[in-house]
Amino acid sequence: ARTLAVRTLDELHRLIYDLRPSVLDDLGLWSAIALYADRHLNKQGVTVHCEFNDVEGRLPPLMETALFRVVQEAISNIAKHAHAEQVLVQCGIRDDVLTIEIEDDGEGFDLAAISRPTENGHGWGLLGINERVEALGGTVLIDTAPGQGARVVVSVQVPPEAARV
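Read on for a plain summary of the structure. Per chain, residues are indexed from 1 in the order of the written sequence. This being a predicted model, a pLDDT of at least 70 is required before a residue's local features are given, and a value of 80 or more before pairs of side-chain atoms are given or counted; all residues contribute to the totals for chains, interfaces and linings. Working from all heavy atoms in the structure, the side-chain values ignore hydrogens and water.

1. Remarks on the sheet that holds strand β3 (residues 97–104)
Note the threshold: Any two strands with at least two DSSP bridges between them are considered paired. Under the scheme used here, helices are H or I runs from DSSP no shorter than 4 residues and strands are E runs no shorter than 2 residues, and both carry numbers assigned from the N terminus. Inter-axis angles, ranging from 0 to 180 degrees, are taken between N-to-C directions of lines fitted to C-alpha atoms, where helices are fitted over the stretch in contact. Two residues qualify as a contact provided that any one of their heavy atoms is within 4.5 Å of a heavy atom in the partner residue.
With mixed pairing, the 5 strands of this open sheet are ordered in space as β1-β2-β3-β5-β4. Each edge of the open sheet carries a strand with a single partner, namely β1 (47–53) and β4 (139–144). For this sheet, the mean inter-axis angle between neighbouring strands, taken without regard to orientation, is 10°. Alignment of strand β2 (residues 86–94) against β3, held across 8 bridges, turns out to be antiparallel. Paired with Val 87 across the strands is Asp 104, a residue of β3. This element, helix α3 (residues 29–41), spans β1, β2 and β3 of the sheet and lies at about 170° to β1. Against the sheet, helix α5 (residues 124–135) engages β4 and β5 (150–157), with an angle of about 150° to β4.

So, in structure tokens, the structure goes:
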């Protein structure tokens, strides 16, 4: 019973952390992305490389949370389905547009086949990514094909006050 209780508590802590990692509040989106990618992919033997260009400032908290969820879902999909060996996460701001690109060398998939979520759960994550990004007024591009890896590119306008946040 004690072992089960300890495992349950450990799993609960992991779930709480995944829902709202304290590093998101403490250090911001960029550190949270790097930590999450490292934590969830490296343990599966996937090499992760994160590049953050011109992203020193903080974004509004709701925007950071939504974007973290987007990256979290993309990384979760890679961990569950891609069988990737390498993942590249790039984030940069140019002309007040934030771009987050997540690319893997995994199996890829037929995007048209999961354009609508299925009863077995496939497609719900991509729908969530699209909904979150659209709520921010941004766009999502998914470039994939079976056997050719996958690339998710998220672009959102950075609010003028973000540089001061």
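2. Describing the side chain of Thr 144
The condition is simple: Partly exposed describes any residue whose relative accessible area lies between the buried limit of under 20% and the exposed limit of over 50%, with all areas from a 1.4 Å probe on protein chains only and scaled to the type maximum. Polar contact is the term for a pair of N or O atoms within 3.5 Å; when the atoms are in protein, one must be able to donate a hydrogen and the other to accept it, and sequence-neighboring residues count only if both atoms are side-chain atoms.
Take Thr 144: it is sitting in strand β4. Here Thr 144 falls in the buried class, since its relative accessible area comes to 16%. Here the side chain of Thr 144 touches Gly 149 through a polar contact of 2.7 Å, landing on its backbone oxygen. In this structure Thr 144 touches Gly 108, Phe 109, Leu 111, Gly 149 and Ala 150, once residues within four positions along its chain are discounted.

3. Thoughts on α3
In plain terms, the rule: A helix is expected to reach a length of 1.5 Å times the quantity of its residues less one. Here the arc refers to the directions that run from the helix axis out to each C-beta atom.
Compared with the 18 Å implied by 1.5 Å per residue over 13 residues, the 18 Å span of α3 between its first and last C-alpha is a close match. Within the sequence span of α3, burial applies to Leu 29, Trp 30, Ala 32, Ile 33, Tyr 36, Ala 37, His 40 and Leu 41. On an axial view of α3, the arc spanned by its buried residues comes to 160°, and they lie on one face.

4. Description of the state of the cysteines
Worth spelling out the cut-off: Two cysteine sulfur atoms make up a disulfide if the distance between them is within 2.5 Å.
Under the definition given, this model contains 0 disulfides. The thiol sulfur of Cys 50 is not disulfide-bonded, and the nearest other cysteine sulfur, from Cys 91, lies at 7.3 Å.

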